[in-house]
Structure formats: structure tokens, C-alpha cells
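# Results of the structural survey
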Amino acid sequence: MVSGRWNIALLAALALLAGCGDRSGAPGAERRVDPADYTSFFLWAGVKPPPELARAAEIYILNGEVKADDPDRFVPMRAGVPRLPGKQVWLVVRAARLDWGEGVHRALLTDLARWDGAGNAVAGLQVDFDAATRGLDGYADFLTALRQRLPARYKLSVTGLMDWSAHGDPAALARLAGIVDEVVVQSYQGRSTIPGYAAYLNRLARVPIPHKVALVQGGEWQEPAALRSDPGFRGYVVFLVNPAD
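Predicted model only: the values in this text are computed from it and were never measured. (Residues numbered from 1 in each chain as written. Predicted model: local features only at pLDDT ≥ 70, side-chain atom pairs only at ≥ 80, totals over all residues. Heavy atoms only, no water.)

### A look at the pairing of strand 13 (residues 233–239)
What counts here: The buried label goes to any residue with under 20% of its type's maximum accessible area, the exposed label to any with over 50%, and the partly exposed label to all in between, with areas taken from a 1.4 Å probe on protein chains only. The helix count covers DSSP runs of H or I at least four residues long, the strand count covers runs of E at least two residues long, and both are numbered beginning at the N terminus. Between any two strands, pairing holds if DSSP finds at least two bridges.
Strand 13 sits mainly inside the fold: six of its seven residues count as buried. Of the pairings in the sheet, the one linking strand 11 (residues 211–216) to strand 13 comprises five bridges and is parallel in character. Within strand 13, the residue paired with His211 across the bridge is Phe233.

This is the structure in C-alpha cells:
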């Protein structure tokens, strides 16, 4: 995402939108996820920022990837540094593997400092990796080492699978709770909500880490009853997509 014109357009849109709160929690019939009802978003490369982003309180921005063919190379996915005053910003790295080389660590720490230096309220780093439920203990090893490299002022976030709530080993989940600050549980695949999501999310309270639920723009959604009484639940993050052609 090129920062110049996009940042100007985003800030200009603030004057056009009032700060309506997150209206996502009202129970009722299943409906489509509308960004206008939320204040926290994922923004991936190539996605045109919608007007609703102007009033966002929190934005998770894909900065780059670690691809399967090279563990030492960080592949940037955006141009320039975002400048989003008044919003909490997460730098996201999408990872296809976890045996990161020094080049990846160096690039991430450099970009965190650059984003911070541009006046952003940088919350921290999020790792977007599809950690299998049976591999959570090994994932905790990786995250422990990453946490040690990360400056203390930055939080560490991870994305997670809904299956963690149903079949995750309690000991492995407890290890993660001592390492990461939050997990954002993905309820979708591609542009569609995963069928049967309520059965998993009604058990999300057994994940002993502060957790949010990621929804996909335009996906079907009805809030499971158990979420509002879940002490670890911290709200929703909407994965933005371009309108279908």
C-alpha cells in the first residue's frame, strides 16, 4: 500500500464520519459483516481502504511475508511507512515457516522502529501463522525466542485457529498465555465464514489468553451467546476485502 495519497485520503475522511461505536454485539438473526459496525480492522496488501477505516480505533496492517522458499528473507508487501495518528497500529507479518533467519528479525525490528518514528501508536507485532492445534507446544518455543528479541514496549499478538478452543492441549495453551498478549481467532476462510463457527467459539473461554474474533467483510455472522460472558473476549477484528467483481 503506497502511503502518501492513502494517508491523506484516510485523514480527510475523518471529517465525514462520526465516531459511531461498535454495534457488532447485538444478538439476533444471522447477517452479513458490515465494516460500518466495527472499529478494528485487518488491512492486507492490495485492499482499497474503505471509508469506515477513517474512524478505526485499531488497524492490523500486513507489512510483509516470510515465504516457504526462503527463511532468511522478509518480503515487503507495502511501500512506505503508514502515518495514522490517533489509531493503534499493529505490524503484521504473514509466515509460511518459523525457522526465521537473522535477515527476517532485522527487517521486522527496523520496520517497527520506522513505524514508531513516524508518529504512529504502534501496539506491537502480530504473527499470522496457521499453527496446527497439535503443534502448539512447538509454536510456543518459537514465540518464546521471538519475544526475547522484541523490545519490551511492543506487544506480541498471534492469529489462531478456532480448533484451538476445542482440541488445544491445556498445557500448551497455558504456555502461550505466558508469552503472547493476545490471540485473534479466525472465523473465516477466504471470503466465507467457516460453517459451524458457533460450536467452536462457544468454547473459546477455555483459551487462557485475551482473545478477539476475526470476521471477514461480507461473511455471514451471528454472535454466539457465550462470547459476551467470556472473560477473555476483547471484541472483533474485521478482515477487509475488495468488493467482488
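### Some thoughts on the pattern of salt bridges
The line we're drawing: Salt-bridge detection follows one rule: a side-chain nitrogen of Lys or Arg within 4 Å of a carboxyl oxygen of Asp or Glu.
According to the stated counting rule, one finds 14 salt bridges in the structure shown. With a closest N to O distance of 3.2 Å, Arg94 and Asp130 form a salt bridge. With Arg94 in strand 5 (residues 88–95) and Asp130 in the loop between strand 6 (121–128) and helix 3 (136–149), this pair connects stretches of sequence that are 36 residues apart. Since its relative accessible area comes to 25%, Arg94 is described here as partly exposed. Of the charged contacts, one joins Glu182 and Lys212 as a salt bridge, the two residues approaching to 3.0 Å between their closest N and O atoms. Highlighted residues: Glu182 in strand 8 (residues 182–186) and Lys212 in strand 11, separated in sequence by 30 residues. By relative accessible area, which is 6% here, Glu182 ends up buried. Exposure remark for Lys212: the relative accessible area of 8% places this residue in the buried category. The network of salt bridges with common partners includes Glu58, Glu182 and Lys212.

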